[in-house]
Amino acid sequence: MTLIKSISGIRGTIGGRPGEGLSPIDVVRFTSAYGTWLKDQSNKSRYRVVLGRDARISGPMVRRLVAGTLQGMGIDVVDLGLATTPTTELAVIKENADGGIILTASHNPKQWNALKLLNSSGEFLSASDGEKILSIADSEAFRYALVDELGKLENKDYTDIHIQDVLKLELVDVEAIRSAGFKVVIDCVNSVGGIALPPLLKALGVDDVVELNCEPNGEFPHNPEPLPEHLTEISGAMKTENADVGFVVDPDVDRLAIINEDGTMFGEEYTLVAVSDYVLSHNPGNTVSNLSSTRALKDVTERRGGTYSASAVGEVNVVSKMKQTNAVIGGEGNGGVIYPASHYGRDALVGIALFLTLLAKKGKKPSELRKEYPAYFMTKNKLELPKEINVDELLQKVKDYYSDEKVNDEDGVKIDFPEAWVHLRKSNTEPIVRVYSEAGSPEEAKELAQSMMNVMKSFI
């Protein structure tokens, strides 16, 4: 059993003893802490929270616990039922709600679930707000409502509202997409992508859609993280169906992987690169991604006359940096596109609509389009450390060792070399350092990572 409490919410495996897994008691305790924090934000007579969930098997049970606890605190609940993460974020804004809770463990296997917490802007909480909620949960400083003050429950479906919002985006060209006559294959991993992507594609004018794993029953047919090694089914289908492009989403639909017409991967890191290049070609400006994302975004941004900035890893950090720099688009290299013209959250629906528009206007195959962007190769490794090692001191030694290079210590240590980079991040849960590297070839990226791990070993 695993239970992880963090500033972004609570995540764990279903079952076990309280405090060891994500038990009903833990769900109620953490929801109560969130409700208490919410009421501390303003002095009002009524509060409203939007609730949405992915299709996990445990979803209905967790949803009843969360909704009942919020009502027990005197908070009204707008229950979206099955809804993507970006749909729930948008609903918080449109409902003028005080916050939102998304029941999803994102790309984790089916035994996991989580409560992801949103503020009144439909965005993930800041670190300081997350710390306050953790403190409230530990102290159990809750107060529940009297019988005449219990919260009300309202059911709403926001999927079509979300789709209509995507269609209204200025850079989404439905007519161009319809005229292209695309044949598209989608893999929705039997979660809420199955209720969002088919109607989205139909609304975008795509009439020929091959649906894989689109029944939202929570029985993930493969590892739900959209990485190449998990996407053999759709890769094969691209060739047998003679399709033009494929899209894969994770269980809560905030990450987007694109499959080329020949079954090869467009590259999850390049989802954001391609969409950003299209947006920048019409709306020049600044971009943001996290420190572990590909340098290709910086290249295309500067080529379009904008300025690229890197943030600490985590969506809340990307959004914060985007607001600071007035970025026109940003996101994360895991296929997460954040387009402020829609909202400040990773949104695969927006990513699909913009990418299809780009593909239609370019008149090229995805594999041809991919070759237009700088070619980088990334490795992801980890160095296991002795339990007694002080990781912060180790990273400081690495930073000092490379003091003549361009070093960023906002989130671990990132060293930018002229033709490559390496990013070192410590784990908060185990004695390891994660080593991300990127270079112009797979061999160079591997050599850089190994060299960096050897440097760290020399300091131990």
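All values derive from a computational prediction rather than experimental measurement.

Engineer: Even after reading the chapter, I still don't get the nonpolar core, so can you show me in this structure?
Structural biologist: The tendency in soluble globular proteins is for nonpolar side chains to be buried as a group. Core analysis: the largest hydrophobic core is formed by 60 residues, its most contacted members being Leu204, Phe247, Phe355 and Leu356. When residues of this core are assigned to their parent elements, the largest contribution, eleven residues, is made by helix H12 (residues 348–362). Setting aside its immediate chain neighbours within four residues, Leu356 contacts Ile177, Phe182, Leu201, Leu204, Val206, Val245 and Phe247. Counting 29 residues, the second-largest nonpolar core is a separate cluster that includes Leu22, Val27, Ile101 and Leu103.

Engineer: Can you walk me through the packing of aromatic side chains in this structure?
Structural biologist: Two aromatic rings, taken as a pair, are described by how far apart their centres are and by the angle between their planes. Counted under the stated rule, the structure contains seven aromatic pairs. Taking 5.3 Å as the distance between ring centres and 80 degrees as the angle between the ring planes, the aromatic pair formed by Phe266 and Phe355 counts as edge-to-face. In this pair, Phe266 is assigned in the loop between strand S11 (256–259) and helix H9 (268–282) and Phe355 in helix H12, connecting sequence segments 89 residues apart. A residue is classified by how much of its surface remains accessible, and Phe355, at 0% relative accessible area, is buried. Of note, Arg370 hangs over the ring of Tyr270, and the distance from its end group to the ring centre comes to 3.4 Å. Across the ring face of Trp421, the terminal group of Lys414 is positioned such that the distance to the ring centre comes to 4.2 Å.

Engineer: I keep staring at helix H11 (residues 315–325) and nothing clicks. Help me out?
Structural biologist: Every α-helix winds through 3.6 residues per turn, so residues three or four apart in the chain are directed the same way. Those residues of H11 lying buried are Glu315, Val318, Val319, Lys321, Met322 and Thr325. Buried residues of H11, seen end-on, are gathered within an arc of 165 degrees and therefore sit on one face of the element. Against the buried residues of H11 lie helix H3 (85–94), strand S12 (286–290), strand S13 (308–311), strand S14 (327–332) and strand S15 (336–338). Backbone geometry just after H11 places Asn326 at a positive phi near 55 degrees.

Here is what the cut-offs are and how they apply
Residues numbered from 1 in each chain as written. Predicted model: local features only at pLDDT ≥ 70, side-chain atom pairs only at ≥ 80, totals over all residues. Heavy atoms only, no water. Core = buried A, V, L, I, M, F, W, Y, C linked by side-chain atoms within 4.5 Å. Buried < 20%, exposed > 50% of the residue type's maximum accessible area, 1.4 Å probe, protein only. Helix = DSSP H or I, 4+ residues; strand = E, 2+ residues; numbered from the N terminus. Contact = heavy atoms within 4.5 Å. Phe/Tyr/Trp six-rings, centres within 6.5 Å; stacked < 30°, edge-to-face > 60°. Lys NZ or Arg CZ within 6 Å of the ring centre and 35° of its normal. Arc of directions from axis to C-beta.

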